[in-house]
Amino acid sequence: MDRNVKETAPPPPSPGALAAKVRTLVPSMTRSMQRVAEVLAADPAGSAALTVTGLAERTGTSEATVVRTARLLGYPGYRDLRLALAALAAEQAAGRAPAVTADIAVDDPLASVVAKLAQEESRCLADTAAGLDTAQLESAVAALAAARRIDVYGIGASNLVGQDLVQKLLRIGLIAHAPTDPHLAVTNAVQLRSGDVAVAITHSGRTTDVIEPLRVAFENGATTVAVTGRPQGEIAQYADHVLTTSSARESELRPAAMSSRTSQLLVVDCLFIGVAQRTYDAAAPALSASYEALAHRHSPRTVPR
């Protein structure tokens with residue numbers, strides 16, 4: 001990334017957001033860092049009682065790995081992480097319900113499937129909300145609200161989320177596109193300039209067909225936003241603003257696209273509401289006009305006598 005103005009680092013996550021941060025970042029960590037994170041998540045109280053040396057010994061890693069894990073989770077050092085762990089343990093002791101597995105089996109009755117999906121998707125939404133950097137969100141909203149043109153890039157389920165955002169933006173009078181063809185996405189990105197915005201949606205953060213148009217938009221001077229579950233992924237190097245999403249564990253019947261879509265939709269809804277608030281004087285009449293234009297399509301048909 002080569003922008004002249006660097007944004008200040010976000011504040012460390014609150015104790016309530018720590019568990020969500022761990023779940024979100026574990027898949028992108030090295031194996032040794034994963035061992036540290038797994039112990040933190042499983043036993044915050046016990047971990048908080050350990051020195052950096054003690055935690056390194058417990059996890060079979062090094063002190064440097066423990067410190068790197070703390071920094072990846074958003075803390076300046078291990079001392080700050082210990083304080084957050086202690087606060088998290090206190091919250092859990094005060095009555096927060098333990099996590100319940102939501103793996104869906106082939107022979108689960110539909111009632112159980114409904115309950116497990118509802119619980120897991122609720123957790124995804126809560127984790128995403130807890131881990132969302134509101135300073136980054138504010139900056140992305142400001143850029144979208146002032147944009148001459150907006151491009152949204154995504155493949156597969158992420159493209160469906162992009163289409164949802166574009167439809168909302170169009171209804172408040174903004175010029176937005178979400179090309180479904182990867183080649184068209186790149187040719188669209190070539191036309192972007194300063195004052196335009198490109199939004200990339202990719203859970204993995206490494207989807208070539210999403211990275212490529214965002215890179216082109218970035219190099220042409222457009223403001224770029226990444227909505228991703230992997231904030232350390234390749235996509236981030238071409239993003240001015242990174243909005244992190246959470247997802248549930250993958251399983252045979254529940255691929256990553258299902259849970260990541262839920263959290264992506266929350267983020268794009270936050271973007272849309274923020275933009276609508278900032279542009280309310282123009283957005284409100286545009287929304288009213290679109291409702292009126294479609295009203296006759298929702299009216300009951302008159303049955304001929």
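See the structure above.
Residues numbered from 1 in each chain as written. Predicted model: local features only at pLDDT ≥ 70, side-chain atom pairs only at ≥ 80, totals over all residues. Heavy atoms only, no water.

Visitor: Can you walk me through the packing of helix α4 (residues 52-59) against helix α5 (residues 63-72) in this structure?
Guide: Packed helices, taken two at a time, are described by the angle between their axes plus the distance between the axes. The N-to-C vectors of α4 and α5 enclose an angle of 105°; their axes lie 8 Å apart at closest approach. It follows that α4 is roughly perpendicular to α5 by the angle criterion. Residues Val52, Thr53, Leu55 and Ala56 of α4 touch α5, and the partners they reach there are Glu63, Val66 and Val67. Residues that form the contact of α4 with α5 fall into these classes: five nonpolar, one polar and one charged. (Axes fitted to C-alpha atoms, helices over the stretch in contact; angles between N-to-C directions. Helix = DSSP H or I, 4+ residues; strand = E, 2+ residues; numbered from the N terminus. Parallel < 35°, antiparallel > 145°, perpendicular 65-115°, else oblique. Contact = heavy atoms within 4.5 Å. Nonpolar A, V, L, I, M, F, W, Y, C, P; charged D, E, K, R; others polar.)

Visitor: It is not clear to me how the pattern of salt bridges should be interpreted in this structure. Could you clarify?
Guide: Pairing is possible between side chains of opposite charge, provided their charged atoms come close. Applying the stated rule across the entire model yields 11 salt bridges. For Arg278, the salt bridge identified is with Glu138, shortest N-O distance 3.7 Å. Of this pair, Arg278 sits in helix α12 (residues 256-278) while Glu138 sits in helix α8 (residues 134-145), and the two are 140 residues apart along the sequence. (Salt bridge = Lys/Arg side-chain N within 4 Å of Asp/Glu carboxyl O.)

Visitor: What am I meant to see in the environment of Ala89 here?
Guide: Locating Ala89 in the fold gives a position in helix α6 (residues 78-93). Residues Ala89 and Gly46, 43 residues apart in the sequence, show an inter-C-alpha distance of 8.8 Å. Setting aside residues up to four positions removed in sequence, Ala89 forms contacts with Pro44 and Ala45.

Visitor: Would you mind going over the sheet that holds strand β1 (residues 150-153) with me for this structure?
Guide: The strands that make up a sheet are held in pairs by hydrogen bonds between backbone atoms, and each pair lies either parallel or antiparallel. Across the sheet, five strands lie side by side as β2-β1-β3-β4-β5; this open sheet has parallel pairing. A strand with exactly one partner marks an edge of an open sheet, and here the two such strands are β2 (176-177) and β5 (241-244). In this structure, β1 lies alongside strand β3 (residues 197-202), joined through four bridges in parallel fashion. Its bridge partner lying in β3, Asp151 is registered against Ala198. (Pairing = 2+ DSSP bridges.)

Visitor: I keep staring at the nonpolar core and nothing clicks. Help me out?
Guide: A general trend in soluble globular proteins is that nonpolar side chains are found buried together. Ile150, Leu169 and Leu243 are the most contacted members of the largest nonpolar core, which has 30 residues in total. Among the elements of the structure, α8, β1, α9 (157-171), β3, β4 (223-228) and α12 are those that each provide at least two residues to this core. Setting aside residues up to four positions removed in sequence, Ile150 forms contacts with Leu144, Leu169, Leu174, Ile175, Ala176, His177 and Val197. In terms of nonpolar packing, the next biggest core, distinct from the first, is built from 23 residues, Leu18, Met29, Val36 and Tyr78 among them. (Core = buried A, V, L, I, M, F, W, Y, C linked by side-chain atoms within 4.5 Å. Buried < 20%, exposed > 50% of the residue type's maximum accessible area, 1.4 Å probe, protein only.)

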